[in-house]
Structures are given as C-alpha cells and as structure tokens.
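# Fold and geometry: a report
Next come the chains, spelled out residue by residue.
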Amino acid sequence: MLATSDSALPFWIPARFLLTGAIALPAAFTAMAVRPEWLLGYHATPAMLAVAHTVTLLFATTIFAGAVQQLAPVLLATPLHSVRLARWSYPLVVAGAVGVVAGFAGGYRVAWLVAGGILALAGLVAVAVNLVRTAARAKRMGAADGALVASFVYLVLTVVMGTLLAASRRIPELGGMADALSLHLGLGLFGAFFLGIASAGHKLVAMFVLSHGTPGWPLRWLANLVHAAMALLLLGVLAGVLLDGVFDRYSPGVLGGTARGAMDVVAAVLLAGAVGLFLLDTALHLRNRKRRVLEAAIEHYLAASAFLVAAFALAATGRYPAAIAALLAGFLPLLIGGMAMKILAFLAWQHRYAPVVGRTEVPLLRDMPIAWLEPVTLWALGVAGLGVIAAMLWDLPVPITRVLMAIGAAGAWALLAQGLWIVFGTHAPNTREAS
Amino acid sequence: MSHEHQQNDRTPSGSATSKELPEVTNAAVLEALRDVVDPELGVNVVDLGLVLDTSIEGRHVQVVMTLTTPGCPLHGVITRDAQIRVERVPGVRTALVELAWDPPWTPDRMTEEGKRQLGW
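Since the model is a prediction, treat every value here as computed from it, not as a measurement.

## Considering the overall build of chain A
- Across its full length, chain A carries 12 helices and 0 strands.
- In sequence order, the secondary structure elements of chain A are arranged as α-α-α-α-α-α-α-α-α-α-α-α.
- Relative to the globule expectation of 22 Å for 435 residues, the C-alpha radius of gyration of chain A, 21 Å, shows essentially globular dimensions.
- In terms of principal-axis extent, the alpha carbons of chain A reach across some 80 × 55 × 40 Å.
- Expressed as a percentage of its 435 residues, the buried residues of chain A come to 59%.
- Put simply, of all contacts in chain A between residues at least 6 apart along the chain, 82% involve residues at least 24 apart.
- Carbon and sulfur atoms provide 70% of the accessible area of chain A, an area that totals close to 16900 Å².
- Looking at chain A, you have 27 positive and 16 negative side-chain charges, and the mean spots of the two groups are 7 Å apart.

Set out below in structure tokens:
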C-alpha cells in the first residue's frame, strides 16, 4: 500500500535505493565479525565510525531516501514532483555515502569525508526538494505527512552538520563545531530516523494490521516534542558558542558547556516523551487491529521498538556508547530492514503482477518473501543488536563477540537474500487462507 | 474489457446472439467479485465489505466500491480486477467500477468469513 497507481515511480528508482541499503547492512555486520575488537575498548575510532556510517548513511539513509520518494505521493495523494530528481538522487546519495565510509575507514581522511558529505548532501537535497514541492501541491496534509517531510529536512541538516564536523579538522574557524556532535547525533537519530519512522509507521502499521479508529494526537504531540528537542539542541550549540565567545577569558568553556549540557538534558527528556508517544501510537494500532496475525514487518517493528526503549534506559544510566549502539545495531537494522522488505515486496508486486491481475492467478504480497527467512532475520539481527550492546558494556571476549557478530552478519545476509528473492524470485500463490 | 465481452456476446460462428445470453443477477455479480482479492490482506472484496452497491441495467453492471484506506495505492489494481471479473459474468456487456469514500469503510462491514480469514 505504498504508491498510487497513477503516481507510481518507475520500479527501479526506489528499488535500487532499497537493495543498495540491504547490501550495506551485511557489510557492516561482516566487518564487525571479522574485526570484533573494534567493539571493545575505545569506541570512537575511525573504524567504528566507518561501521556506524555504513549503518546510518549507506543502509538507513539510502533506504529512507528511496522509500520516502515512494511513500510521499501515497500519503499526500499527489504525484511526485520530479521523477528526474528522484533518478539523480540515487547516484549522489550512494556515492556520497561510500565516500564518507571510505573516509572513516581510511583513517579519518578529511577530504574524502567532506567530498562524500557534499555529494550525499546534493542527493538528499534533491530528495528534499522533491518532497517539499510534492507536499506543496497536496490538497491535504496531515500530521504524519508533515512529520515525514520534516524528518527528511532534519536528515539534510544532519549531513550538513557531519560535513562541517569533518571540515572543522582542517578549517580552524570551524573549531567550535566539535561541540556540535550531540546536535549531529540528535538530528540524525531522532530528528531524521525516529521522526521519519514514527510518521511513516503511523500510516504503514495502520495499513499492515488493518487498524481502525486510532487517534492522531499521539503522533502530532510526538512530532511537536521532536521539533522542540531539535530546537533545544540547536540553541544549546548556539548558546555555547555565544557564551564561550563572550566569557571565555574569565571561565573558558564553563558557561557555554553548562548551557549546552542543560539544553541537551531537556532535549533528552522531550525525546523520551516522544518515544513514549511512539510506543503508545504503536500499541493503539495493535489494539485496534482487525488483522490478528502479525506479519514479519510488524514483528521486526516491535523488536526494534524494544531497542529504542533500551537505548533510553542505557542513556539514562550514563552508558552513552551502548545507548547509541542500541539504536544503530538494534533499532535501525530491525525496523528499517523489516519495513524495507515489505516495501520492496509491494514494489515488486506492482511491477510484476499488477499488470496481469484478473487475467491470471497472481501471488499475494505475503507470498513474495521466503517465509522461513523472516524469523531468521528477526532473531539474528535481534541477537546481534544485543551482542553489540553487551560487547560495549562489558568488553566481552573476542571469540564470543565474533560469534555474535557472525550471527548478525547471517541475519543481514539473509535480509539481502530476501530482498533479491522478492525482486527476482518466482513466487507461487499459495496462502490465500492464512491471513 | 470489451474484448472479453465480445467473446461472451458471440457464437463460435461470430454472429451476435445477445438475446440468448442469460439474465444478469446481483448474485452472479457478487460471486464474480468474490474472486477479487485484496493482495495485501488476502481476503476478497465482498467479505471485506468493500462493495457498497451493485446495479444492473440490462447488460450493463455498475459496481460502487470503497477501500479500507482512502490513500490505498492498490485502488487501480483492485478496481481493474473487479471490472474484468464482472465483465466475465455471462450476459454482462459492460461493467463500470467506481470508488466512493462516503460512507467510509468500517470493520463492521466485514462478513464473518472475512473476519475469520483475518484471524478472528
């Protein structure tokens, strides 16, 4: 339920985003299985930053950029503003993401990071322009629609911040950017991914479980809290810069740091409230559902939500690297991976079977994936997510960490195999009675 | 659509024999619509309660349908499928399938069989 028939993009435009993203996830887990020591000890190494950006940029951002250009016309009931922009955004986003990952993997090569960031930014701006122009033509715009567009704007800002952070290593005038790391993380993890997932999920979960009568106010308030938190994070950085600039000679960094810290704490509280509303929204959809059996995408969604809660629990107890790991290794892979397969199944069904409906028997959407692979990806990615958290918290022995990451790699490869089967496989119609 | 209809409407020798065609009934139309399955839910549109109205005027059938979600992107596929299936009903010359959002779909419109297929 992801594209109107009269506003659908050509199949391969969103599909190549989704498949490229699906390639990135096994790459990230395989790297951690080969070099489990990266997870142990100090975490902010270039190698771990390369893995983190493989997940955030090459996996999550690429899938998000493809999916959102498919979803927006559906949610807004308006054709996408420009297919050409959508087509051009792909090489820019992917080349940019690869450049950033290569920049970290090569030992923090600033030129690669900046060049990759600029390329990715160009691609994401193209997507953002497409979304905003599409939204401008829409006759109606609900809370979920507005939040989805806003989340993509936050994604663009995240890449801007990341590129400036990298450039600050070479440009002394940008030295203050080092204090903007929390803004970069907040914009990316919550402004972009969490808000995007919550807003798209509000519509998609309702469709997938056939929920009826779920109110819209939790999502509206969720979006307001995220916007307020993002504003506070930005204000914190600005206040820090201004206060440090004025009072630096008397108390270097103290006032600015205090102001920034206070803003960050309030922003975290607001985001915790937003997460609570996200859980409430999901629970209401499930309570009001008319489709009893939950399909794999929803199971992945729920498992991912548990990692979201775990991230806040870890952050509340000061375990920040593990909290970020819960989001990067648990929340994003499970949720985006699960939803990507569902979206891919819909795209492939529309592309391959919709034209012959009524003239020959066609599979249902649930006949598209390989059924036995679905629990494999769910459990393997779940175990690996817990494994990354455990490794960071307790410095697990290398062999155990390697096994846990190998399980994650198996789950991620299974997800990729699932995607390839959905697109290229032969699907038999056989589950009409098993809703 | 007219292609299938013409096949219904002619004898093997090709001469028009519309007077010999059976009378189109509401039951036959609904039976044909039971073959139209929502590809996401796997339940046919009749048991989902998506068929709001059918009207028959001679050899012409008009079907008014709704969908579970106004933004449902499968609307084109489902309505085209419904038109093809109805035009295959013996005696039907043309079929028109229209979507309507008023009254909006509610789960109360589902049949017991539809609820059973959704797991309830």
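Next comes the rest of the description.
## Structural notes on empty space enclosed by the protein
Residue and element names in this part refer to chain A.
- By the definition in use, this model includes 1 cavity of 30 Å³ or more.
- Its volume calculated, the largest cavity comes out at about 240 Å³.
- Residue lining of the largest cavity: 18 residues in total, with F64, A67, I197, A200 and I336 positioned closest to the centre.
- Secondary structure elements with two or more residues in the lining of the largest cavity: α2 (46-76), α6 (181-209) and α10 (320-352).
- Counting residues per element, the lining of the largest cavity draws most heavily on α6, which supplies 7 residues.
- For the lining of the largest cavity, the class distribution of residues is 16 nonpolar, 2 polar and no charged.

## Regarding the nonpolar core
- Within the largest apolar cluster, 181 residues are counted, with the highest numbers of intra-cluster contacts made by F152, F190, L222 and W349 of chain A together with L33 of chain B.
- Broken down by element, the residue count for this core peaks at 22 residues, all from α10 of chain A.
- When neighbours within four sequence positions are excluded, L222 of chain A is seen to be in contact with F194, L195, A198, A274, L277 and F278 of chain A.

## Some details on the interface of chain A and chain B
- Across the contact, 32 residues belong to chain A and 33 residues belong to chain B.
- Interface area for chain A against chain B, summed over the two sides, is near 2800 Å², with a carbon-plus-sulfur share of 57%.
- Viewed at the interface, chain B and chain A are joined by 2 salt bridges.
- Where E40 of chain B meets K342 of chain A, a salt bridge forms, and the shortest distance between an N and an O atom there is 3.0 Å.
- Where chain A meets chain B, there are 9 residue pairs in polar contact (both at pLDDT 80 or more).
- Mapped onto the side of chain A that touches chain B, the elements with two or more residues apiece are α6 and α10 of chain A.
- For the side of chain A that touches chain B, the leading source of residues is α10 of chain A, giving 4 residues.

## Some remarks on the confidence of the model for chain B
Residues and elements named next belong to chain B.
- Per-residue pLDDT for chain B has a mean of 83; in total, 84% of the residues score no lower than 70.
- Of all the helices and strands in chain B, helix α1 (residues 2-9) carries the lowest mean pLDDT, 39, while strand β2 (residues 60-65) carries the highest, 96.
- Contacts of residues 1-16 to residues separated by more than four positions or lying in other chains number 22 contacts, the stretch itself having pLDDT below 50.
- Scoring of the predicted complex yields 0.89 for pTM and 0.80 for ipTM.

## A few points about the environment of L219 of chain A
- Summarising the element assignment, L219 of chain A is placed in helix α7 (residues 217-247).
- Ignoring sequence-local partners within four residues, the contact set of L219 of chain A consists of A143, A144, A198, S199 and H202 of chain A.

## Some remarks on unusual backbone geometry
- Cis rather than trans, the peptide bond between D102 of chain B and P103 of chain B has omega equal to 10 degrees.
- Positive phi values are uncommon outside glycine, yet Y108 of chain A reaches one of about 65 degrees.
- Tracing the backbone through its elements, the reader meets Y108 of chain A in the loop between α3 (83-105) and α4 (110-137).
- Its identity as a non-glycine residue notwithstanding, D395 of chain A has a phi of 45 degrees, on the positive side.
- Within the fold, D395 of chain A resides in the loop between α11 (373-394) and α12 (398-424).
- Taking the relative accessible area as the measure of exposure, D395 of chain A reaches 44% and is therefore partly exposed.

## Remarks on the pairing of β2 of chain B
All names here are of chain B.
- Examined bridge by bridge, strand β1 (residues 51-57) and β2 share 6 bridges and lie antiparallel to one another. Within the sheet, the bridge partner assigned to D53 lies in β2 and is V64.
- Linkage of β1 to β2, two consecutive antiparallel strands, is achieved through a turn of 2 residues, within which G58 is found at a positive phi near 65 degrees.
- With 6 bridges connecting them, β2 and strand β3 (residues 94-99) associate as parallel partners. When the bridges of β3 are listed, V63 appears paired with V97.

## Focus: the packing of aromatic side chains
Residue and element names in this part refer to chain A.
- Applying the stated criterion across every chain yields a total of 10 aromatic pairs over all chains.
- For the ring pair W12 and F424, a centre distance of 6.0 Å and an interplane angle of 35 degrees mean the geometry is tilted. You can see W12 sitting in helix α1 (residues 12-34) and its partner F424 sitting in helix α12, a full 412 residues away along the chain.
- Ring geometry for F190 against F312: centres 5.5 Å apart, planes inclined by 75 degrees, an arrangement best described as edge-to-face. Here F190, found in helix α6, pairs with F312, found in helix α9 (residues 296-316); they are 122 residues apart in sequence, far enough to count as distant. Of the two residues, F190 and F312, both sit in the buried class.
- Among the aromatic side chains, those forming a connected cluster through ring pairs are F190, F194, F278, Y301 and F312.
- Between the NZ or CZ atom of R169 and the centre of the ring of Y108, over which it lies, the distance is 3.6 Å.

What counts, and at which threshold
- Residues numbered from 1 in each chain as written.
- Chains lettered and ligands numbered in written order.
- Predicted model: local features only at pLDDT ≥ 70, side-chain atom pairs only at ≥ 80, totals over all residues.
- Heavy atoms only, no water.
- Helix = DSSP H or I, 4+ residues; strand = E, 2+ residues; numbered from the N terminus.
- Rg over C-alpha atoms; globule rule 2.2 N^0.38 Å.
- Buried < 20%, exposed > 50% of the residue type's maximum accessible area, 1.4 Å probe, protein only.
- Contact = heavy atoms within 4.5 Å.
- Areas by Shrake-Rupley, 256 points an atom, 1.4 Å probe, with all protein chains shown as cover.
- Lys, Arg positive; Asp, Glu negative; His and termini not counted.
- Charge placed at Lys NZ, Arg CZ, Asp CG, Glu CD.
- 1 Å grid on protein atoms, 1.4 Å probe; cavity = no way out; pocket = protein on both sides within 12 Å on 5 of 7 lines; lining within 4 Å.
- Points joined across faces, edges and corners; volume = space filled by probe spheres on them.
- Nonpolar A, V, L, I, M, F, W, Y, C, P; charged D, E, K, R; others polar.
- Core = buried A, V, L, I, M, F, W, Y, C linked by side-chain atoms within 4.5 Å.
- Buried area = accessible area lost by both parts, 1.4 Å probe.
- Salt bridge = Lys/Arg side-chain N within 4 Å of Asp/Glu carboxyl O.
- Polar contact = N/O pair within 3.5 Å; in protein donor to acceptor, adjacent residues only side chain to side chain.
- pLDDT = per-residue confidence, 0-100.
- Pairing = 2+ DSSP bridges.
- Phe/Tyr/Trp six-rings, centres within 6.5 Å; stacked < 30°, edge-to-face > 60°.
- Lys NZ or Arg CZ within 6 Å of the ring centre and 35° of its normal.

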